[in-house]
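One-letter residues, chain by chain:
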Amino acid sequence: MVKPVKRRQASPQHIENLWGAINYIRQQKQIPNMERISKYMEREYEMRYSDTANQLHYAVMDGLVKSYRAKGSKGSKVGVEQEGFRVPIPELDNEEEEENQIDGHDWYCFYCHKGGEMLLCSSCWRVYHPACTEEDYSGVRFVCSICQAGRKRNKLKKLELNTLLEYTVKRLKEKTRELHKLCAKEDEKLLLCFLYNPMDLNIMEAKTFEEGYKFLEEFHADALNVLHNVVLCYGEFDEMAELALIMVKDCTYDIDEIKLCSDCYKLSNAKPKDWFCQPCDPPHELVWAKQKGYTYWPAKVIVQTDDKYDVRFFGNFHQRATIPESSIKPIETSLKTLAVKRTQGFVKSCQELEKHQRFLEKRKLDGWKAETSDKEEDAFEEAANENEEDIPDVKRVKEQKKKKKKDKSHKNNKKKEKLKREKKDRKGRKARKREIEQEDTVILEVSSEEDEERAEKRRRKSQKTYTRLKSKTDEHGNSWDMITSSINESRHRQSALSPEDANLVTSSEDHPHSQARVVSVAHVATQTSKKPTNKLPSKSTQTDKVELSVSAPAAAAATECDCDEKYAKIMEDLSRRLEEHHATERENALDELSDKMQKEFEEDKQQAIARAIGNMEREVELASQQAEDKCKEQYMKEMKKLAQKHKENVSQTKKKQWCFNCEEEAMYHCCWNTSYCSTKCQQEHWHKEHKKVCRRKRN
């Protein structure tokens, strides 16, 4: 049998009151001892001395109030050593707080939010009073109801479950803005010492983004944890506790809706085009449902309980209602027997019904999509479905999560390294291409300059040979014609040579330049082709000399190639286009980023304004309420004083006698109800009327 363990004994609300008393006494520059604290608690909260002493003792034992010894410096206790109390300072008392949290369990009951003797759950950090739990604790281990609910196998995949819970958190945050973050103010930060597991709606939303939930009961437990923390910080009867209770009710309602049909919940929140027409898996039953005061209307059956149907109608608003079985007809029933009025809304709902039926037939033909489950989630769920002895501890689950995170980060780092290597390779290739292009341009420039110099020398030699041959062939007319024909044939042969033939050089000139240079220098005397060609037979050596000398101008013409300019223009155009493309992409990216930042800034601004307005309104309401209460108290005090004064004045006036003639205080008594302030008034009244009615006896 599991034995209860003593946890914190002091009540959080009483501790907050004690903190207020200690701070008030310290502001008076006095030592907050037991006498002063008990007087303050009796005056402000009508708390007896014994109760104050007990709560203060429990607070010191729990480490929520610190005691110390000090000597008095005022009044009758100057120099007298006495026990004082102070509020714990988180910066100085962190070590002691960590020691209190080593055991891994909460200090207050998760159900009633109070201290005392608790049953510690062996699978989580929650604790319960024996009277606050229905679970059996007679065995060796005690497992709370939340942990037992998490052992059930979950039908939803992890990603799908967390996307559905994102919608739930958004709906909860829209209704309860005060629960977005607990103890955000500076004066409320000390309340965090009551919370073992801090939880609010922002943390729940972050867990859904990180896919931290594995089953619905875990999300519901976090919502209950928010309620638990709010009650500990602000009290059971505070407005914040009421808001947290409403939030838990909304959360349970949404979780029940997800359990009924996850597809309906997802589509109703995402609301894509024709979302109500999309069939669910499994599909809902289609019926004609009649609500009181309306005709029969097409609807989907969400759930059936006993003789009642929970249905959702087709149409514009997709309203929901609970209909008795007598008002339900199958969808195959003809409209003539139902006697339906064909209004515009009814026609739209029928069109939506037809579209839903078409989608349903198409889905049946295509086949329902197969559900694929993640191996890690299946392993966790199988472990959760085993016996109590096989339930993993909280520490082991945390270690598994850490390992998964490390593996993910390691994979991401590998991907980043691969991308960096690819980028470096691309940059290296580009740099190599640029170096090769620069070398080619330099070689072309050098070769062109050398070829021009050689061409000029050869021109001069060819001109001399030309004049000499012409002078010799004047006597033989046929010889000149033969020379010119041989020159033309040689030019034709040079043009017919392939690039491979141009690269072949003899050993007469040892200058193995690049291809461009070899092609440009085509003088046969220095570079002759080794490939055999069909040459015309030359009649003499003089014709060969003429052929060689005339080929020089052609070689000089070949050097005047404009390839460098073309390549330069192409590279300039390419670089210009790349720069323009890069500039446009950069501008577009900057515009998108600025728009996104502007939207986020506006949203944050609106949220901050809304929070500030809400805080200001609450502060104004509190201030106005306090002012009204003070005014009422002062008014009642003044009224009491005036009433008392009036009573005293009336009694004083009743005790005195007053002149019957002038209504001033009387000195002379005449008869039973008549007195006078002076003899003058007595004589005047005597002669007027009192002479006739005076009852005084005369002698």
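To be clear, the structure that these remarks concern was listed above.
This text gives an overview of the structure that appears in the document. (Residues numbered from 1 in each chain as written. Predicted model: local features only at pLDDT ≥ 70, side-chain atom pairs only at ≥ 80, totals over all residues. Heavy atoms only, no water.)

Right, let's talk about the sheet that holds strand β6 (residues 285-290) for a bit. With respect to topology, 5 strands assemble into an open sheet ordered β9-β8-β7-β6-β10, the strand pairing being antiparallel. Looking at the sheet topology across the chains shown, the edges are occupied by β9 (320-324) and β10 (328-330). Averaged over all pairs of adjacent strands, the angle between strand axes in this sheet comes to 50°, irrespective of strand direction. As defined by bridge partners, strand β7 (residues 296-305) adjoins strand β8 (residues 308-313) across 6 bridges and the pair is classed as antiparallel. Paired with alanine 299 across the two strands is phenylalanine 313, which belongs to β8. Together, β6 and β7 form the strand contacts of helix α12 (residues 344-366), whose direction differs from that of β7 by roughly 55°. (Pairing = 2+ DSSP bridges. Helix = DSSP H or I, 4+ residues; strand = E, 2+ residues; numbered from the N terminus. Axes fitted to C-alpha atoms, helices over the stretch in contact; angles between N-to-C directions. Contact = heavy atoms within 4.5 Å.)

Moving on, we come to helix α6 (residues 158-175). Its 18 residues give α6 an end-to-end C-alpha distance of 26 Å, which sits within 8% of 26 Å, the value for a rise of 1.5 Å per residue. Buried within α6 are the following residues: Lys158, Leu161, Asn162, Leu164, Leu165, Thr168, Val169, Leu172 and Lys173. (Expected span 1.5 Å × (residues − 1). Buried < 20%, exposed > 50% of the residue type's maximum accessible area, 1.4 Å probe, protein only.)

Put simply, aspartate 281 and proline 282 share a cis peptide bond, and its omega is 0°. Position of proline 282 among the secondary structure elements: in the loop between α10 (262-270) and β6. The backbone phi angle of histidine 113 is positive, close to 65°, even though this residue is not glycine. Positionally, histidine 113 belongs in the loop between α4 (94-100) and β4 (117-120). Positioned with a positive phi, histidine 318 is a non-glycine residue whose angle comes to about 55°.

Another point: the nonpolar core. Ranked by size, the top nonpolar core spans 56 residues in total, and within it Trp19, Ile37, Phe194, Met204, Phe219 and Val230 carry the most contacts. Secondary-structure elements contributing two or more residues to this core are α1 (12-27), α2 (34-45), α3 (49-62), α6, α7 (201-209), α8 (216-234) and α9 (239-260). Counting residues per element, this core draws most heavily on α8, which supplies 10 residues. Setting aside anything within four residues of it in sequence, one finds tryptophan 19 in contact with Leu64, Val65, Val87, Pro88, Leu190, Leu191, Cys193 and Phe194. Counting 16 residues, the second largest nonpolar core, distinct from the first, contains Cys109, Cys124, Phe142 and Cys144. (Core = buried A, V, L, I, M, F, W, Y, C linked by side-chain atoms within 4.5 Å.)

Turning our eyes to something else, we now look at the packing of α6 against α7. Two numbers describe a pair of packed helices, the interaxial angle and the distance between the axes. Where α6 contacts α7, the axes come no closer than 9 Å and their chain directions differ by 160°. Considering the angle they form, α6 stands roughly antiparallel to α7. Relative to α7, the crossing made by α6 is left-handed. Residues Asn162, Leu165, Glu166, Val169, Leu172 and Lys173 of α6 touch α7, and the partners they reach there are Leu201, Asn202, Met204, Glu205, Lys207, Thr208 and Phe209. Here the contact of α6 with α7 is composed, by residue class, of 6 nonpolar, 3 polar and 4 charged. (Parallel < 35°, antiparallel > 145°, perpendicular 65-115°, else oblique. Left-handed = near helix turned anticlockwise from the far one by under 90°. Nonpolar A, V, L, I, M, F, W, Y, C, P; charged D, E, K, R; others polar.)

Below, the discussion takes up the sheet that holds β4. One open sheet holds the 3 strands; their spatial order is β1-β4-β5, and the pairing between them is antiparallel. Each of the sheet's edge strands pairs with one partner strand only, and the pair in question is β1 (5-6) and β5 (127-128). Two elements, β4 and β5, share 2 bridges in a ladder whose sense is antiparallel. Residue pairing across strands places leucine 120 opposite valine 127, the latter belonging to β5.

As a further point, take the pairing of β9. Residues of β9 alternate between two faces, with Ala321 and Ile323 buried on one and Arg320, Thr322 and Pro324 left unburied on the opposite face. Alignment of β8 against β9, held across 5 bridges, turns out to be antiparallel. What sits directly across from lysine 308, in β9, is proline 324. Between β8 and β9, which pair antiparallel and follow one another directly, the connecting turn spans 6 residues, one of which, glycine 315, has a positive phi of 135°.

Every other side chain in a regular strand lies on the same face of the sheet, so the side chains alternate between the two faces. Relative to strand β12 (residues 674-676), strand β11 (residues 668-671) runs antiparallel, the two being bridged by 3 bridges. Counted as the bridge partner of cysteine 671 is threonine 674 from β12. Between β11 and β12, which pair antiparallel and follow one another directly, the connecting turn spans 2 residues.

In the contact formed by α6 and α9, the axes pass within 10 Å of each other and the chain directions differ by 155°. Considering the angle they form, α6 stands roughly antiparallel to α9. Between α6 and α9 lies a crossing of right-handed hand. Residues Leu164, Leu165, Thr168, Arg171, Leu172 and Lys175 of α6 pack against Met247, Asp250, Cys251, Asp254 and Ile258 of α9.

Turning our attention to the pattern of salt bridges. Charged atoms that come close allow side chains of opposite charge to pair. Inspection of the entire model under this criterion finds 15 salt bridges. Measuring nitrogen to oxygen at the nearest pair gives 2.6 Å for the salt bridge that ties arginine 320 to glutamate 257. Of this pair, arginine 320 sits in strand β9 while glutamate 257 sits in helix α9, placing them 63 residues apart in sequence. For glutamate 257, a relative accessible area of 15% puts it in the buried group. The salt bridge involving aspartate 310 is made with arginine 320; its shortest N-O contact spans 2.8 Å. Of this pair, aspartate 310 sits in strand β8 while arginine 320 is found in strand β9, placing the two residues 10 residues apart along the sequence. Taken together, the shared-partner salt bridges connect Lys207, Glu218 and Asp222 into one network. (Salt bridge = Lys/Arg side-chain N within 4 Å of Asp/Glu carboxyl O.)

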